Amino acid sequence: MSACGGPKIKSELRVFESADELATDLAEYISQLSENSVKERGCFTIALSGGSLISLMGKLCEAPYDKTVDWTKWFVFWADERAVAKNHIDSNYKLTKDLFLSKVPILNSHVFSINDNVTVEDAAAEYEFAIRQLVKIRTVGVSESNDCPKFDLILLGMGPDGHVASLFPHHPALELKEEWVTYITDSPKPPPERITFTLPVINSASNVAMVAVGEEKATAVHLATAGTGENFDASSLPARMVQPTDGKLVWFLDSTAASVLDVSNGSSG
Ligand SMILES: O=C1O[C@H](COP(=O)(O)O)[C@@H](O)[C@H](O)[C@H]1O
């Protein structure tokens, strides 16, 4: 791994020669955060995304983590979901179930998947209500700066257009301040209907990890992490709007996703 050119936005960048090396470090990072949260709070709340991220988490299902992680203390959420049936190939839940949840002993009652049997509007409201109940009893922590949930870790992928979760460039959902969860019906990437965490929730997490592999992400990674002129329109690149208020942001990149980074730009985390 090399620590690479520093972003103007406070974050740590971890760059790896290969996706395999990235996956090794990502597993260790998640396992460490899980151990710390279980020690401090008695549980670990993690929100996942879909896409390439889930296969990169595969090493967590292997030794030593299969036996060392306290899986019974995990509470699993999704930063976004596509409005399709849970057995549909596009479902973020299905992807996670097939590649991760089916391989580790997380309790079913600790898995907060999003309802696929109601409208997206109702599914978003129901999901937010469930999270509010868990914040009330402090299974999910609460931010010191606002009333938002404070997940121990939110894991985000990023599309080549810079979208994170289901927050797409220039979309009005980027402006939401009060809602924790919202829905969209016009995603530029299919399927069109999706449910997503809002930026206030993402930015209230204790830890946010942004994971990107592949050359097609290189320009978005550069724009999301580098210093830009004052006229830069942040809403053109949602990934740049991920700036945890009190938490820590770590980027996990393979060398191709990091290929446009300006390494002379100072040092990162
Ligand atoms: O549609 C989505 O895309 C992003 C990025 O996916 P990737 O395959 O390019 O890594 C993903 O993070 C998000 O959860 C998903 O719904």
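As the structure is a computational prediction, the values presented were derived from the model and not from experiment.

**Q** Lay out the confidence of the model for the protein with the relevant residues and their values.
**A** Counting all residues, the mean pLDDT for the protein is 94, and 94% of those residues have values of 70 or more. Every residue in residues 3–8 scores below 50 in pLDDT, and together they form 23 contacts with partners more than four places removed in sequence or on other chains. pLDDT under 50 marks residues 265–269. Its contacts with residues more than four places away, or in other chains, come to 17 contacts. The ipTM value of the predicted complex is 0.98, and its pTM value is 0.95.

**Q** How would you summarise the nonpolar core if you had to cite specific residues and measurements?
**A** Counting 90 residues, the largest nonpolar core has L26, I30, W74 and F197 as its most contacted members. No other element matches the eight residues that helix α1 (residues 19–41) contributes to this core. If near-sequence neighbours (up to four positions away) are discounted, L26 is found in contact with L53, L56, M57, L155, V211 and F252.

**Q** Let's hear about the site of the ligand: which residues, and what values?
**A** Neighbouring residues of the ligand: 15 residues in total, closest G50, S52, D80, K189 and K217. Between the ligand and R194, the relevant distance is 3.1 Å, taken from an oxygen atom to a side-chain nitrogen or oxygen of the residue. Bound to the protein, the ligand loses 91% of the 390 Å² it would expose on its own. More than half of the atoms of the ligand fall within 2 Å of the grid points belonging to the largest pocket. When the residues that make up the shell around the ligand are grouped by side-chain class, the tally is two nonpolar, eight polar and five charged.

**Q** For empty space enclosed by the protein, give the residues involved together with the corresponding values.
**A** Any space left empty among the atoms is revealed by the rolling of a water-sized probe across them. The tally for this structure, following the rule as stated, stands at two cavities of 30 Å³ or more. Reported here for the second largest cavity is a volume of approximately 30 Å³. Lining the second largest cavity, in full, are S143, S145, K150, N203, S204, A205, T245, D246 and G247. Here the residues of the lining of the second largest cavity sort into one nonpolar, six polar and two charged.

**Q** Account for the pattern of salt bridges, naming residues and giving values.
**A** Inspection of every chain in the model, using the stated rule, returns 14 salt bridges. Between E12 and R14 there is a salt bridge, with the nearest N and O atoms lying 2.8 Å from each other. Here the two residues E12 and R14 agree in accessibility, since each one is buried. In this structure, E12 engages K248 in a salt bridge whose closest nitrogen and oxygen atoms are separated by 3.2 Å. Residue E12 is found in strand β2 (residues 12–16), and its partner K248 is found in strand β12 (residues 248–254); the two are separated by 236 residues along the sequence. A residue is classified by how much of its surface remains accessible, and E12, at 12% relative accessible area, is buried.

Criteria and cut-off values
- Residues numbered from 1 in each chain as written.
- Predicted model: local features only at pLDDT ≥ 70, side-chain atom pairs only at ≥ 80, totals over all residues.
- Heavy atoms only, no water.
- pLDDT = per-residue confidence, 0-100.
- Contact = heavy atoms within 4.5 Å.
- Core = buried A, V, L, I, M, F, W, Y, C linked by side-chain atoms within 4.5 Å.
- Buried < 20%, exposed > 50% of the residue type's maximum accessible area, 1.4 Å probe, protein only.
- Helix = DSSP H or I, 4+ residues; strand = E, 2+ residues; numbered from the N terminus.
- Near = heavy atom within 4 Å.
- Polar contact = N/O pair within 3.5 Å; in protein donor to acceptor, adjacent residues only side chain to side chain.
- Areas by Shrake-Rupley, 256 points an atom, 1.4 Å probe, with all protein chains shown as cover.
- 1 Å grid on protein atoms, 1.4 Å probe; cavity = no way out; pocket = protein on both sides within 12 Å on 5 of 7 lines; lining within 4 Å.
- Sits in = over half its atoms within 2 Å of the grid points.
- Nonpolar A, V, L, I, M, F, W, Y, C, P; charged D, E, K, R; others polar.
- Points joined across faces, edges and corners; volume = space filled by probe spheres on them.
- Salt bridge = Lys/Arg side-chain N within 4 Å of Asp/Glu carboxyl O.

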